[in-house]
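# Observations on the three-dimensional arrangement
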Amino acid sequence: MMPSALIFDVDGTLADTEELHRQAFNGAFARHGFNWRWNRDDYRRLLKITGGKERIGHFIRSLRLDSRRESQCLAQVAVIHQTKTALYTHNAASGRLQLRSGVARLIRDATLQGVRLALATTTTAANVQALLTSTLGEVALRQFDVVAAGDMVANKKPAPDAYLHVLERLQLAPEHCVAFEDSRNGLCAATAAGIPTVVTPCQWTADEDFSTAWLILPELGDPGRPLPKAAATRLRQRWLCLDDLREAREHAA
Ligand code: XBP
Ligand code: MG
């Protein structure tokens, strides 16, 4: 049977957004007078900490400052993160992001076939709005019945909170849904919620362990951007389509 809902992660899954996030973090540090700069290697390591505020706090603690200076810096995390979000949403709105292959097609096909849509993300709701508006247009967010973002839940990924919130709001059983993720933290969150998960790793997560995924693909693919034959062995065609997801439900039951 066709899944009742597709639940998408945002960063890394809908679009490869983390370079823009990294630049926004560094821009916010500069705006607030800190000489901190996260290069790509730093950021790849720091991405293991989900949530921008949590990531900044983790970084500050790693500096081994004296307790007074550390407390002063930690007291500024929220305002630094607000600046970061403003910088990110401004850059996202300027058209610097594009959706990964297959994302727009799967969202469109799900909408046409009455398969419900939701988002389960650690990022801030403003960032979700900026990405979807800049790539799918003003009304894009309305296609999603539920958006679980950032601080809307108590515990960020790899905790299952965002996915459990979506399931509760959709009133659906996990085995009737399929999740889409790019990272091990996200896969752990969706799996802990009992949702069969398709993983499309991105440049920042390619070396992570996805052994509990239902399906791993380099991208979702499109007729105009087909997957390599070797990557599409479990698919009807060289891109993931809704009919491929019937098996996920049987697999999870
Ligand atoms: C990825 C994250 C987020 C982003 C930064 O979220 O962990 O923290 O890196 O966004 P996703 P914020 O679950 O969509 O992969 O600064 O708003 O947290
Ligand atoms: Mg992600």
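Note: the structure precedes this text.
Described in the following lines is the structure provided in the data block.

About the thresholds
Residues numbered from 1 in each chain as written. Chains lettered and ligands numbered in written order. Predicted model: local features only at pLDDT ≥ 70, side-chain atom pairs only at ≥ 80, totals over all residues. Heavy atoms only, no water. Buried < 20%, exposed > 50% of the residue type's maximum accessible area, 1.4 Å probe, protein only. Helix = DSSP H or I, 4+ residues; strand = E, 2+ residues; numbered from the N terminus. Pairing = 2+ DSSP bridges. Right-handed = clockwise from strand over helix to strand, strands pointing away. Axes fitted to C-alpha atoms, helices over the stretch in contact; angles between N-to-C directions. Parallel < 35°, antiparallel > 145°, perpendicular 65-115°, else oblique. Left-handed = near helix turned anticlockwise from the far one by under 90°. Contact = heavy atoms within 4.5 Å. Donors = N, O, S within 2.8 Å, 3.2 Å for Na, K, Ca; no water. Core = buried A, V, L, I, M, F, W, Y, C linked by side-chain atoms within 4.5 Å. Domains from an automatic or database assignment. Near = heavy atom within 4 Å. Polar contact = N/O pair within 3.5 Å; in protein donor to acceptor, adjacent residues only side chain to side chain. Areas by Shrake-Rupley, 256 points an atom, 1.4 Å probe, with all protein chains shown as cover. Nonpolar A, V, L, I, M, F, W, Y, C, P; charged D, E, K, R; others polar.

### Concerning the pairing of strand E2 (residues 116–121)
Along E2, 5 of the 6 residues are buried, which leaves the element largely enclosed by surrounding structure. Of the strand pairs in this sheet, strand E1 (residues 5–8) and E2 are connected by 4 bridges, and their pairing is parallel. Pairing of phenylalanine 8 across the sheet is with leucine 119, part of E2. Where E2 and strand E3 (residues 146–149) come together, 4 bridges link them in parallel fashion. Looking across to E3, one finds that leucine 119 is bridged to valine 147. With helix H7 (residues 125–136) bridging E2 and its parallel neighbour E3, the resulting β-α-β unit is right-handed.

### A closer look at the packing of helix H3 (residues 52–62) against helix H4 (residues 67–74)
One can describe the packing of H3 onto H4 by two numbers: an axis separation of 10 Å at closest approach and a directional angle of 165°. Overall, the two elements H3 and H4 adopt an arrangement that is roughly antiparallel. In the crossing of H3 with H4, the sense of the turn from one axis to the other is right-handed. Here H3 contributes Gly57, Ile60 and Arg61 to the contact with H4, which in turn contributes Glu70, Cys73 and Leu74.

### With respect to helix H6 (residues 103–112)
For H6, every residue scored as buried is listed here: Val103, Arg105, Leu106, Ile107, Asp109 and Ala110. Just downstream of H6 lies glycine 114, where phi reads positive at about 75°.

### Description of the coordination of the magnesium ion (ligand 2)
Around the magnesium ion (ligand 2), the protein supplies Asp9 (OD), Asp11 (O) and Asp182 (OD) as donor atoms, at distances of 2.1 to 2.3 Å. Positions of the donor residues of the magnesium ion (ligand 2), expressed as sequence spacing, correspond to D-x1-D-x170-D. Residue aspartate 9 is found in the loop between E1 and helix H1 (18–31), and its partner aspartate 182 is found in the loop between strand E4 (177–181) and helix H9 (184–192); the two are separated by 173 residues along the sequence. Of the two residues examined, aspartate 9 and aspartate 182, each falls in the buried class.

### Looking at the nonpolar core
Ranked by size, the top nonpolar core spans 59 residues in total, and within it Leu6, Phe8 and Phe180 carry the most contacts. Inspection of this core shows a minimum of three residues originating in each of domain 1 (5–16 + 98–252) and domain 2 (18–93). Those residues in contact with phenylalanine 180, other than ones at most four positions away along the chain, are Leu6, Ile7, Phe8, Asp9, Thr13, Leu106, Tyr163, Val198, Leu220, Leu240 and Leu245. Judged by nonpolar contacts, the second largest core, of 19 residues, contains Ala5, Tyr163, Leu167 and Leu170.

### As for the site of ligand 1
Lining the immediate environment of ligand 1, one finds 20 residues, of which Gly52, His81, Lys84, Thr121 and Thr124 sit closest. Between lysine 84 and ligand 1, the recorded distance is 2.7 Å, taken from a side-chain N or O atom to an oxygen atom. A distance of 2.8 Å is found between an oxygen atom of ligand 1 and a backbone nitrogen or oxygen belonging to threonine 122. Relative to its unbound accessible surface of 440 Å², ligand 1 loses 96% to contact with the protein. If you list the elements that add at least two residues to the shell around ligand 1, you get H1, H3 and helix H5 (77–93). No other element matches H1, which puts 3 residues into the shell around ligand 1. For the shell around ligand 1, the residue count by class is 4 nonpolar, 10 polar and 6 charged.

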